[in-house]
Amino acid sequence: MGLMSESLTQILIPLAALIGIGFALLQWFLVSKVRVSGGSELDSEYNDKLIEEDGQEEGIDSDVVVAKCAEIQKAISEGATSFLFTEYKYLGIFMVVFGAIIFLFLGSVKSFSTESEPCTFNKENICKPALANAFFTTIAFLLGGLTSALSGFLGMKIATYANARTTLEARKSIGKAFTTAFRSGAVMGFLLAANGLLVLYVSINLFKLYYGDDWEGLYESITGYGLGGSSMALFGRVGGGIYTKAADVGADLVGKVERNIPEDDPRNPAVIADNVGDNVGDIAGMGSDLFGSYAESSCAALFVASISSFGSSHDYSAMSYPLIISSMGIVVCLITTLFATNMFEIKKVTEIEPSLKRQLLISTILMTVGIAFVSFFTLPSEFTIFDFGSDKVVKNWHLFFCVSIGLWAGLVIGYTTEYYTSSAYSPVQDVADSCRTGAATNVIFGLALGYKSVIIPIFAIAASIYVSFNLAAMYGIAVAALGMLSTIATGLAIDAYGPISDNAGGIAEMAGMNHSIRERTDALDAAGNTTAAIGKGFAIESAALVSLALFGAYVSRAGIKTVDVLAPKVFIGLIVGAMLPYWFSAMTMKSVGSAALKMVEEVRRQFNTIPGLMEGTAKPDYATCVKISTDASLKEMIPPGALVMLTPLIAGTFFGVETLAGLLAGSLVSGVQVAISASNTGGAWDNAKKYIEAGATEHARTLGPKGSDAHKAAVIGDTVGDPLKDTSGPSLNILIKLMAVESLVFAPFFATHGGLLFKLL
């Protein structure tokens, strides 16, 4: 037994979750102290400060600007809320239908029998009936979906609450604007990490009331939680991604290239839809996505542990090791956040990116100490882990290394992503330089950069897989994935900071603020672009480890001793699985293209038919553009979603467990590569464009200014990269882990009734 008692574990996990929620609310309170309203509500000290800052703003009345910011913020918030409500309405129906499928499939394993039966892994023990597993898995699935939707919605709410506040703070100083944007991101990060942990902890304890000593059945049914989280994330990511990119591409192509007006010019009819898209895609979608990874890695680790000595000896503290790691992560991230918001104040634009990078490093170092502490106190000095039918003897320091290597691999991946997507380094500068000879060379250089950026992350993943598997079999890989996600609160704060800053820049432009304010918000946004790429990198790499751990759990549950690549049943699965990411990408890219086509036509129509629009004397019809994005994304998210959800069911039912094992391996291996290269290529093109626009170096000034041929070539590259980095790239990580968790949930059904085609032949 470990040194930590069960009662102490029962107190510490919910306590950490509540601390996380409390800290999120505190950050939200601090952000809310920035007022967004005109007239008398502005306190006098703030008003004086604004007048002093705005001396150069040619007689623009301070109250008018603040009122304009409030109006724009309201429009963005309403657009995002109505889109999410409509999306969740459709997804609610999907969750009920799919929940019924889970219940019917798993219930039919033992013909809906209510008799207790021998356990799957420990035959001498008696476990609860399969019908109970079907019922509780369905409940866990619905809980996971609900938590995922809530995570995305809360994140979106705080982001739309904070964007105008960040704009107004930018008038005081760059440091104040940074703190506001970062605090808002932290609200989302901590709420998500703490809610995920709390709901999982409460679910386990409630399920335990029924399952009692049947830990194998209990943790098998809990895997539904991960499936629910990822199912919502898939549709949120794809739907949000199509929405944001349709608007972005439409706004860029007509506004910047054809009409030569700034990115967020209020005359552009697609500008509100573009800002709404940042929130529904990059905030709500990303939140659901990382929550899904967190839920699945926890479920995979808990399932493997339940069939190991922790489960058979009923060692609750050791069993809860994955949850205690997450609890420690919340505390570590809390300390780390104070470094960014309270200990170091940003005074210059050049300090923004280093400050965000420092967050990653500080949280990783502190977390390593935290992992050592947790591993020593909660785990017995020696125990056995289930390893494909045999038992592997593992020591507690082995698990310390497994979690740590996942954590540090995450840092390596974060820094590599930053190197390939930040305009501070040569790869992006080379892409910008290639714009001198037109869009074609820009596209060639960008694609080459994306392919090259895959190398180091794959080696980092390979090293972490080899070490963790050698030390603690599949459990090692599951906790390595958890290690990578243990600092999720900081990762998400950094990630959400990006779209909030992007929106803040848009609001500054639309409210007619002067050039110096816009320069500050642009600097915040450029750093945010890189951090968003780092966030996507984390999501993709953690998905690789998570899906491998789930793959191991699936193989164990389906009763496969070895997966033989040379067996024809497995090989056909392997080659079809490797094709799936391409099929999925084709669907999502085409969806963005067709939605963007409608948007471009609408924006052109408005510029051509509304008199006085270009002169700024008439208002564009923003609502029609918002509607185009909403309708297109809700319609277009269904086919890619159906592809991912139905493939494992069809493969397992008709071709059997071995073919499905091949399918999962193939999709994992090809999906990770395609996702990393797509995400980094898009990020690099975006920052190459921003590098030319900012004109901060001598080299950048030779390529600019805005409207030059090189700049137009950069805009085209950025437009091509938009669906790569914000739709297909980030959605692919959900494809690989969702198929794996779905296969694990349905494994009992596939093992009993699967392979219909081969049985008939």
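Conventions and cut-offs
- Residues numbered from 1 in each chain as written.
- Predicted model: local features only at pLDDT ≥ 70, side-chain atom pairs only at ≥ 80, totals over all residues.
- Heavy atoms only, no water.
- Helix = DSSP H or I, 4+ residues; strand = E, 2+ residues; numbered from the N terminus.
- Rg over C-alpha atoms; globule rule 2.2 N^0.38 Å.
- Contact = heavy atoms within 4.5 Å.
- Lys, Arg positive; Asp, Glu negative; His and termini not counted.
- Charge placed at Lys NZ, Arg CZ, Asp CG, Glu CD.
- pLDDT = per-residue confidence, 0-100.
- Phe/Tyr/Trp six-rings, centres within 6.5 Å; stacked < 30°, edge-to-face > 60°.
- Buried < 20%, exposed > 50% of the residue type's maximum accessible area, 1.4 Å probe, protein only.
- Lys NZ or Arg CZ within 6 Å of the ring centre and 35° of its normal.
- Salt bridge = Lys/Arg side-chain N within 4 Å of Asp/Glu carboxyl O.
- Expected span 1.5 Å × (residues − 1).
- Core = buried A, V, L, I, M, F, W, Y, C linked by side-chain atoms within 4.5 Å.

Here we come to the overall build of the protein. Scanning the protein from terminus to terminus reveals 24 helices and four strands. Its C-alpha radius of gyration of 26 Å places the protein within 12% of the 27 Å reference for a compact globule of 761 residues. If you line up the protein on its principal axes, its C-alpha atoms span 85 × 55 × 45 Å. For the protein, the share of sequence-separated contacts (at least 6 apart) that also reach a separation of at least 24 residues comes to 85%. Of note, the protein has its 50 positive side-chain charges centred 1 Å away from the centre of its 67 negative side-chain charges.

Glancing now at the confidence of the model for the protein. Per-residue confidence for the protein averages 87 on the pLDDT scale, and 96% of its residues sit at or above 70. Across the protein, the secondary-structure element scoring lowest on mean pLDDT is helix H2 (residues 44-53), at 36, and the one scoring highest is helix H14 (residues 439-452), at 96. Counting interchain partners and residues more than four positions distant, the pLDDT-below-50 stretch residues 38-59 has 28 contacts.

Turning our eyes to something else, we now look at the packing of aromatic side chains. On inspection of all chains with the given rule, the structure shows 31 aromatic pairs. Relative to Phe-153, the ring of Phe-85 has its centre 5.5 Å away and its plane inclined at 50°; by these criteria the two rings are tilted. A residue pair is termed long-range when its members are at least 10 positions apart, and Phe-85 in helix H3 (residues 62-107) and Phe-153 in helix H4 (residues 130-170) qualify at 68 residues. Taking the relative accessible area as the measure of exposure, Phe-85 reaches 52% and is therefore exposed. Using a relative accessible area of 18% as the deciding quantity, one classes Phe-153 as buried. An angle of 35° between the planes, with centres 6.1 Å apart, marks the rings of Phe-746 and Phe-750 as tilted. In this pair, Phe-746 and Phe-750 are both assigned in helix H23 (residues 709-753), four residues apart and thus about one turn of the helix distant. Given a relative accessible area of 0%, Phe-746 falls into the buried group. What links up through ring pairs into an aromatic cluster is the set Phe-94, Phe-98, Phe-105, Phe-141, Phe-235, Phe-746, Phe-749 and Phe-750. The side chain of Lys-357 reaches across the aromatic face of Tyr-415, ending 5.5 Å from its centre.

All right, on to the environment of Leu-25 then. By the element assignment, Leu-25 lies in helix H1 (residues 6-32). Residue Leu-25 is classed as partly exposed on the basis of its relative accessible area of 49%. For the pair Leu-25 and Val-64, spaced 39 residues apart in sequence, the C-alpha to C-alpha distance is 30 Å.

On to the pattern of salt bridges, then. Under the defined criterion, the tally for this structure stands at 29 salt bridges. Across the pair Glu-351 and Lys-348 runs a salt bridge whose closest N-O atoms are separated by 3.6 Å. Of the residues examined, Glu-351 reaches a relative accessible area of 26% and is grouped as partly exposed. Here the salt bridges share partners, and the residues they tie into one network are Lys-245, Asp-248, Asp-525, Asp-686, Lys-689, Lys-690, Asp-718, Asp-722, Lys-725 and Asp-726.

The next subject is the environment of Trp-685. For Trp-685, the location among the structural elements is in helix H21 (residues 657-694). For Trp-685, a relative accessible area of 1% puts it in the buried group. Here the alpha-carbon distance between Trp-685 and Gly-717, two residues 32 residues apart in the chain, equals 5.7 Å. Other than its neighbours up to four places away in sequence, Trp-685 contacts Val-431, Asn-442, Val-443, Gly-446, Leu-447, Ala-714, Gly-717, Asp-718, Val-720, Gly-721 and Leu-724.

A positive phi angle, close to 55°, is found at Asn-260, a residue other than glycine. Mapping Asn-260 onto the fold places it in the loop between helix H6 (215-258) and helix H7 (271-306). In this structure, His-314 takes a positive phi of about 50° despite not being glycine. Turning to its location among the elements, His-314 is positioned in the loop between helix H8 (309-312) and helix H9 (316-319). Classification of His-314 by relative accessible area gives partly exposed; the value is 31%.

A turn of α-helix holds 3.6 residues, and therefore any two residues three or four places apart point the same way. In this model, helix H19 (residues 622-636) (15 residues) spans 21 Å end to end at C-alpha, consistent with the 21 Å of a helix rising 1.5 Å per residue. Three or more residues of H19 are buried, namely Tyr-622, Cys-625, Val-626, Ile-628, Ser-629, Thr-630, Ala-632, Ser-633, Leu-634 and Glu-636. Those residues of H19 that are buried lie in contact with H3, H6, H7, helix H16 (488-510), helix H18 (568-609) and helix H20 (638-655).

Another aspect to go through is the nonpolar core. Formed by 226 residues in total, the largest nonpolar core has its most connected members in Tyr-321, Ile-352, Tyr-475 and Tyr-554. If we ignore the near neighbours within four places in the chain, the residues touching Tyr-554 are Ile-560, Val-657, Leu-660, Ala-661, Leu-664, Ser-743, Leu-744 and Ala-747. Judged by nonpolar contacts, the second largest core, of 18 residues, contains Val-431, Trp-685, Ile-692 and Ala-710.

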